[in-house]
Amino acid sequence: MSELIVPQSEIERQYRIAESLKPVITGKKACVITFGCQQNESDSERIAGALALCGYEITPKSEDADLIIINTCAVREHAEIRALSEAGQFKNRKESDRDLKIGMCGCMVQQSHRRQQIYKSYPYVDFVFGTDMHHRVPEMIETMLTAKKRFSFVSDEPHNEFGVVSEDMPILRESSYKAWVSAMYGCDNFCTYCVVPRARGRERSRSADKILYEVKGLVDQGYKDITLLGQNVNSYKGGCGFAELLDKAASFDGEYRVRFMTSHPKDASSELVDVMAYNPKVAKHFHLPVQSGSDRILKAMNRRYSRAQYIEKALEIKEKVPDAALTTDVICGFPGETDEDFDMTLSLVKEIGFDMIFTFIYSPRKDTPAEKMPQVPRADSNRRFAELSKVENDIAQKINESYIGKTVRVLSDGVNKNGAFCGRSTQNKIVTFDKFIEPGEFADVEITSAGGYALAGIIK
Ligand code: SAH
Ligand code: SF4
């Protein structure tokens, strides 16, 4: 692991560069636009932290910014198209404002065919950088100010043989009470449909000491909801197992919750379920992506667990932590999926009863094995998507109705975009209520009604 850690001397060099840039940068504004998952949101907070270190004021408004960074996602084609069209929006502005600088980063940029596309078709993008280059943002800004040409900071290691762990760079967090904490980066699982191992590099863990120090610091600052992040947290190897790390992260003084994302069913351990059951600061929410209920499809996906093993794990969670929410991901229309395979997914969904399903239509990803398999007609995928959504809505409605009359502890998010007072329960369920509670404060809410997506109640 040690060769992956960026040396302290390199981090100090970045700090020195940032310091030297301050006189030139101060007064300028930067905006980071984020697509994709929690890991990307977390990366954007690190990019913003490094930009602020260089002297930029961070703004959410791209129209005010002198520098715009687009942090992209590649997990499905739709996300890539959205990021590219976002970049396209700045074409005209760049023509009239030569001083505007545009950078692109994230999983899409990590793929060489997309970098070529950006290079050819998006000439107004000044620079691109990869998913393991965030600690070098100060150096990039220095290059941006002096370079006559467009440039790229992307590791040239082949395949997924890249990736570092960098510590001690600043993080500019969006929220003052919810925080992402990376436990590990990358993925070595190579599910046959997935671009992540190629886009995020080899699996690597941060040391438990560094993670716990960060969590303790956040709790001391008043953070109330902390999520430990990793593509497959159960393969965490930073000095202890993930269950122990989670338990320790959830053992500091004060009222707060610790969540984690994501656990792979093939190695979600019983110890992890036990920690959730006995540690009251571990949020009662298990996200366990199943992807399919058919053994044939699970094998073709290289998921390395069977339907029976998945069901056993899900039932263990339900039995040991009866108040936990269980959520999952399902892909509809994976290559070769027949109606019979999909029926197996439907029957698994009905048997388990998930609180929520994130349903995706399979999207072929370049250079993945599944891309070369026989594809399912789009109409079939769409039909299955609609059918699963309908089945799940009824299940979620019933589960949520079982909360009526109960009291749940809610962490307030203030007011949502519809003007309702809202927050999240330990299960991560959205709860709306009758009085304003300061964002980041806890309150007890008696649930009086429920829909498929949210609960509603009154403050006790
Ligand atoms: N590491 C996480 C998942 C990260 S990607 C895990 O293994 O659980 C998040 C979700 O996107 C996956 O669970 C999967 O359901 C979906 N996904 C990934 N690649 C996809 C593709 N090519 N097409 C459709 N959905 C995909
Ligand atoms: Fe992708 Fe599978 Fe890794 Fe999740 S575990 S990121 S789905 S390869």
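Residues numbered from 1 in each chain as written. Chains lettered and ligands numbered in written order. Predicted model: local features only at pLDDT ≥ 70, side-chain atom pairs only at ≥ 80, totals over all residues. Heavy atoms only, no water.

Colleague: Could you give me a rundown of the site of ligand 1, with the residues and numbers involved?
Modeller: Near ligand 1 there are 15 residues, and of these Gln231, Pro289, Gln291, Asp329 and Ser363 occur at the shortest range. Within the side chain of glutamine 231, one N or O atom sits 2.8 Å away from a nitrogen atom of ligand 1. At 2.6 Å, a side-chain N or O of aspartate 329 approaches an oxygen atom of ligand 1. In isolation ligand 1 has 550 Å² of accessible area, and contact with the protein removes 89% of it. For the shell around ligand 1, the secondary-structure elements that each account for two or more residues are strand 13 (325–332) and strand 14 (356–361). Residues that form the shell around ligand 1 fall into these classes: 7 nonpolar, 4 polar and 4 charged. (Near = heavy atom within 4 Å. Polar contact = N/O pair within 3.5 Å; in protein donor to acceptor, adjacent residues only side chain to side chain. Areas by Shrake-Rupley, 256 points an atom, 1.4 Å probe, with all protein chains shown as cover. Helix = DSSP H or I, 4+ residues; strand = E, 2+ residues; numbered from the N terminus. Nonpolar A, V, L, I, M, F, W, Y, C, P; charged D, E, K, R; others polar.)

Colleague: Break down the domain arrangement of the protein chain for me, with residues and values.
Modeller: Taken domain by domain, the protein chain comprises domain 1 (2–153), domain 2 (178–401) and domain 3 (407–459). Distance from the C-alpha centre of domain 1 to the C-alpha centre of domain 3: 36 Å. (Domains from an automatic or database assignment.)

Colleague: Explain the pattern of salt bridges residue by residue, including any values.
Modeller: On inspection of all chains with the given rule, the structure shows 31 salt bridges. Salt-bridge contacts for lysine 91 lead to glutamate 95; the nearest nitrogen and oxygen are separated by 3.8 Å. Within this pair, lysine 91 and its partner glutamate 95 are both found in helix 4 (residues 91–96), separated by 4 residues, close to a single helical turn. Of the residues examined, glutamate 95 reaches a relative accessible area of 52% and is grouped as exposed. Note that arginine 296 and aspartate 341 form a salt bridge whose closest N and O atoms lie 2.6 Å from each other. With arginine 296 in helix 11 (residues 295–300) and aspartate 341 in helix 13 (residues 339–352), this pair connects stretches of sequence that are 45 residues apart. Under the relative-accessibility criterion, aspartate 341 is labelled buried at 6%. (Salt bridge = Lys/Arg side-chain N within 4 Å of Asp/Glu carboxyl O. Buried < 20%, exposed > 50% of the residue type's maximum accessible area, 1.4 Å probe, protein only.)

Colleague: How would you summarise the sheet that holds strand 15 (residues 407–415) if you had to cite specific residues and measurements?
Modeller: Pairing in this closed barrel of 5 strands is mixed, and the strands run 15-16-17-19-18 around the ring. Ignoring which end each strand starts from, the neighbouring axes of this sheet average 50° apart. Sheet topology places strand 18 (residues 442–450) next to strand 19 (residues 454–459); 5 bridges connect them, and they run antiparallel. From the neighbouring strand, glutamate 446 faces strand 19, where its bridge partner is isoleucine 458. (Pairing = 2+ DSSP bridges. Axes fitted to C-alpha atoms, helices over the stretch in contact; angles between N-to-C directions.)

Colleague: Any chance you could break down empty space enclosed by the protein for me, citing the residues and the numbers?
Modeller: Overall, the coordinates contain 1 cavity of 30 Å³ or more when judged by the stated rule. Its boundaries defined by the atoms lining it, the largest cavity holds a volume of some 120 Å³. If you trace the largest cavity, you find 14 residues lining it, with Thr131, Asp132, His134, Tyr185 and Arg204 closest to the centre. Sorting elements by how many residues they give to the lining of the largest cavity places helix 2 (residues 38–53) first, with 3 residues. Of the residues belonging to the lining of the largest cavity, the class tally is 3 nonpolar, 6 polar and 5 charged. Of the domains in this structure, domain 1 (2–153) and domain 2 (178–401) are the two that each give at least three residues to the lining of the largest cavity. (1 Å grid on protein atoms, 1.4 Å probe; cavity = no way out; pocket = protein on both sides within 12 Å on 5 of 7 lines; lining within 4 Å. Points joined across faces, edges and corners; volume = space filled by probe spheres on them.)

Colleague: Before we move on, could you go through the site of ligand 2 and cite the residues and values that matter?
Modeller: Around ligand 2 sit Cys187, Asn189, Phe190, Cys191, Tyr193, Cys194, Val196, Pro197, Gln231, His264 and Arg303, and that is every residue in its neighbourhood. Broken down by class, the residue content of the shell around ligand 2 amounts to 7 nonpolar, 3 polar and 1 charged.

Colleague: Break down the pairing of strand 3 (residues 67–72) for me, citing the residues and quoting the values.
Modeller: A large share of strand 3 lies buried, amounting to 6 of its 6 residues. Of the two faces of strand 3, the one carrying Leu67, Ile69 and Asn71 and the one carrying Ile68, Ile70 and Thr72 are both buried. Here 5 bridges tie strand 1 (residues 29–34) to strand 3, and the two strands are oriented parallel to one another. Each residue of the ladder has a partner; that of threonine 34, found in strand 3, is asparagine 71. Inspection of the sheet shows strand 3 paired to strand 4 (residues 101–106) by 6 bridges, in the parallel sense. Note that in strand 4 the partner of asparagine 71 across the bridge is cysteine 105.

Colleague: Could you give an account of the pairing of strand 15, with specific residues and numbers?
Modeller: Direction of pairing for strand 15 relative to strand 18: antiparallel, over a ladder of 5 bridges. Bridged to arginine 409 within strand 18 is aspartate 444. Pairing analysis gives 5 bridges linking strand 15 to strand 16 (residues 421–425), with the strands arranged antiparallel. Counterpart to valine 410 in the pairing with strand 16 is serine 425. Counted between consecutive antiparallel strands, the loop separating strand 15 from strand 16 contains 5 residues, among which glycine 419 sits at a positive phi close to 85°.

Colleague: Quick rundown of the environment of glycine 452? Include the residues and the values.
Modeller: Among the structural elements, glycine 452 can be located in the loop between strand 18 and strand 19. Sequence separation between glycine 452 and alanine 396 is 56 residues, and the spatial gap between their C-alpha atoms is 5.1 Å.

Colleague: Please provide a residue-by-residue account of the layout of surface pockets, values included.
Modeller: Quantified by volume, the second largest pocket comes out at close to 430 Å³. Only helix 2, strand 7 (178–182) and helix 8 (208–221) provide two or more residues apiece to the lining of the second largest pocket. Sort the elements by how many residues they give to the lining of the second largest pocket and helix 8 lands first, with 6 residues. Taken together, the residues of the lining of the second largest pocket sort by class into 9 nonpolar, 5 polar and 8 charged. When residues are assigned to domains, the lining of the second largest pocket turns out to be shared by domain 1 (2–153) and domain 2 (178–401), each giving three or more.

Colleague: Account for the packing of helix 9 (residues 242–249) against helix 10 (residues 270–278), with residues named and values stated.
Modeller: Two elements in contact, helix 9 and helix 10, have axes whose closest approach is 8 Å; the angle formed by their N-to-C orientations is 15°. When the interaxial angle is binned, helix 9 and helix 10 end up roughly parallel. Crossing handedness for the pair helix 9 and helix 10: right-handed. Only Glu271, Leu272, Val275 and Tyr278 of helix 10 make contact with helix 9, whose side of the interface consists of Phe242, Ala243, Leu246 and Asp247. Along the lines of polarity and charge, the residues of the contact of helix 9 with helix 10 split into 6 nonpolar, no polar and 2 charged. (Parallel < 35°, antiparallel > 145°, perpendicular 65-115°, else oblique. Left-handed = near helix turned anticlockwise from the far one by under 90°. Contact = heavy atoms within 4.5 Å.)

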